[in-house]
Amino acid sequence: MAQKPKRTKSGRAWMHEHVTDPYVKKAQTDGYRSRAAYKLLEIDARDRLLKPGMTVVDLGAAPGSWCQVAARKMKGQGRMLAIDLLPVAAMPGVESLEGDFTEPAALNWLTERLQSGRVDLVLSDMAPNMSGVGLRDQARHYELCDLALDFAVQWLKPDGDFLVKVFQGVGFEVFRRSMQAAFVQVAIRKPDASRDRSAEVYLLGRRLRNADDPAVTSADEGV
Ligand code: SAM
């Protein structure tokens, strides 16, 4: 007879947190695919990122709650391209690719769809599968962030925005400086739906720097 898999202590704690989490319950009621929806909703309520008619690229999109939020805010007008290692179940207004953003095939897929059109908003909620080795996980995460930033710099409209999930700790300051070198404004956001015990925060870069913009100064820190 097949044995029931044993639940570990941390597995039980995760399950308890999951079933009692108000955002998990709210997501079920509101029809969102995951509690992550509320992170984007909260950031959008403050920063007004999403509008009808935009072109949005969502990196690390599965199961698709950010796509749902964006699609609702865009009211059927605009375009959304979504990529994830895992499938994103079909939804109106979203073209998705099951693929690895670090592979050339993903970039080709995006490039083919965008042609010469520019993007209003790049979202990256990507997070690698955690190995449990802190420094290695942090390094792999920032590799994804760097690639997402390169994509944003190459494809955003001059007044476009880039929202990216990062983890505080090793690599954070270096990446924040890269963001400040690329964008006129860089803000840190920690939505309520992001668990307090998590080192996760979001960096929001607004308006690409151009040659006329003043160089980055220490006054830009912590905007
Ligand atoms: N924003 C999503 C939502 O609202 O449903 C949740 C995203 S989840 C926190 C992080 C996602 O990043 C995972 O689905 C994972 O598969 C994806 N991911 C990690 N590495 C990736 C890569 N190299 N390419 C594409 N997606 C990746």
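This text goes with the structure placed above it.
Residues numbered from 1 in each chain as written. Predicted model: local features only at pLDDT ≥ 70, side-chain atom pairs only at ≥ 80, totals over all residues. Heavy atoms only, no water.

S.K.: Looking at this structure, how should I read the packing of aromatic side chains?
M.R.: Aromatic ring pairs: the centre-centre distance and the angle between the two ring planes describe each pair. Taken as a whole, this structure holds 7 aromatic pairs when the rule is applied. Measuring from centroid to centroid gives 5.7 Å for Tyr142 and Phe175, while their planes differ by 50 degrees, and the two rings are tilted. Within this pair, whereas Tyr142 is found in helix H6 (residues 134–155), its partner Phe175 is found in helix H7 (residues 172–182), the two being separated by 33 residues in sequence. In this pair, the class of Tyr142 matches that of Phe175, namely buried. Here the aromatic residues Tyr23, Tyr32 and Tyr38 are joined through ring pairs into a cluster of three or more. Over the face of the ring belonging to Trp155 we find Arg118, whose NZ or CZ atom lies 5.3 Å from the ring centre. (Phe/Tyr/Trp six-rings, centres within 6.5 Å; stacked < 30°, edge-to-face > 60°. Helix = DSSP H or I, 4+ residues; strand = E, 2+ residues; numbered from the N terminus. Buried < 20%, exposed > 50% of the residue type's maximum accessible area, 1.4 Å probe, protein only. Lys NZ or Arg CZ within 6 Å of the ring centre and 35° of its normal.)

S.K.: I would appreciate a short explanation of the sheet that holds strand E5 (residues 156–167) in the present structure.
M.R.: Consider a sheet: its strands pair through backbone hydrogen bonds, and that pairing is either parallel or antiparallel. Reading across from one edge, E3-E2-E1-E4-E5-E7-E6 is the order of the 7 strands in this open sheet, with mixed pairing throughout. Strand pairing shows two members of the sheet lacking a second neighbour, strand E3 (94–98) and strand E6 (183–189), which therefore form its edges. Here the average twist between neighbouring strands, direction ignored, is 15 degrees. Examined bridge by bridge, E6 and strand E7 (residues 200–208) share 6 bridges and lie antiparallel to one another. Counterpart to Val186 in the pairing with E7 is Gly205. Most of the contacts of helix H4 (residues 65–74) go to strand E2 (residues 78–84), to which it runs at about 180 degrees, and overall it touches strand E1 (54–59), E2, E3, strand E4 (119–124), E5 and E7. (Pairing = 2+ DSSP bridges. Axes fitted to C-alpha atoms, helices over the stretch in contact; angles between N-to-C directions. Contact = heavy atoms within 4.5 Å.)

S.K.: It is not clear to me how the pairing of E7 should be interpreted in this structure. Could you clarify?
M.R.: When a strand is regular, its side chains alternate between the sheet's two faces. In terms of residue burial, E7 counts as a mostly covered element, since 8 of its 9 residues are buried. Bridge analysis of E5 against E7 gives 7 bridges, and the strand direction is antiparallel. Across the sheet, residue Val164 finds its bridge partner in E7, namely Leu203.

S.K.: Whenever I open this one, the site of the ligand confuses me. Can you help?
M.R.: With respect to spatial proximity, 21 residues lie near the ligand, and among them Ser65, Asp84, Asp100, Phe101 and Asp125 are the closest. The contact in question runs from an oxygen atom of the ligand to an N or O atom on the side chain of Ser65, over 2.5 Å. One nitrogen or oxygen atom from the side chain of Asp100 is found 2.8 Å from a nitrogen atom belonging to the ligand. In the complex, 86% of the free accessible area of the ligand, which totals 600 Å², lies under the protein chains. A per-class count over the shell around the ligand returns 11 nonpolar, 6 polar and 4 charged. (Near = heavy atom within 4 Å. Polar contact = N/O pair within 3.5 Å; in protein donor to acceptor, adjacent residues only side chain to side chain. Areas by Shrake-Rupley, 256 points an atom, 1.4 Å probe, with all protein chains shown as cover. Nonpolar A, V, L, I, M, F, W, Y, C, P; charged D, E, K, R; others polar.)

S.K.: Would you explain the environment of Glu200 in this entry?
M.R.: Assignment of secondary structure puts Glu200 in strand E7. We classify Glu200 as buried; its relative accessible area is 6%. Sequence separation of Glu200 and Val166 is 34 residues, and the distance between their C-alpha atoms is 5.7 Å. When neighbours within four sequence positions are excluded, Glu200 is seen to be in contact with Lys39, Lys165, Val166, Phe167, Lys190 and Ser194. A polar side-chain atom of Glu200 sits 3.0 Å from a polar atom in the side chain of Lys39.

S.K.: Teacher, can you tell me more about unusual backbone geometry here?
M.R.: Negative phi values dominate among residues other than glycine, just as trans dominates among peptide bonds. A cis geometry characterises the amide bond from Ala62 onward to Pro63, with omega recorded as 5 degrees. With respect to the element layout, Pro63 can be found in the loop between E1 and H4. Phi at Lys75 takes a positive value of approximately 50 degrees, unusual for a residue other than glycine. When you line up the elements, Lys75 lands in the loop between H4 and E2.

S.K.: Quick question: what am I supposed to make of the pattern of salt bridges here?
M.R.: Where charged atoms from two side chains of opposite charge come close, those side chains can pair. In this structure the tally under the stated criterion is 16 salt bridges. Here Lys39 ties to Glu200 by a salt bridge, and the two come within 3.0 Å at their closest N and O atoms. Separated by 161 residues along the polypeptide, Lys39 in helix H3 (residues 37–47) and Glu200 in strand E7 bring together distant segments of the chain. Like Lys39, the residue Glu200 is buried in the burial classification. The partner of Asp44 in a salt bridge is Lys73, and the shortest N-O contact between them spans 3.6 Å. Placement of Asp44 in helix H3 and of Lys73 in helix H4 is noted, with a sequence separation of 29 residues between them. (Salt bridge = Lys/Arg side-chain N within 4 Å of Asp/Glu carboxyl O.)

Functional significance is not addressed by these values, which are geometric in nature.
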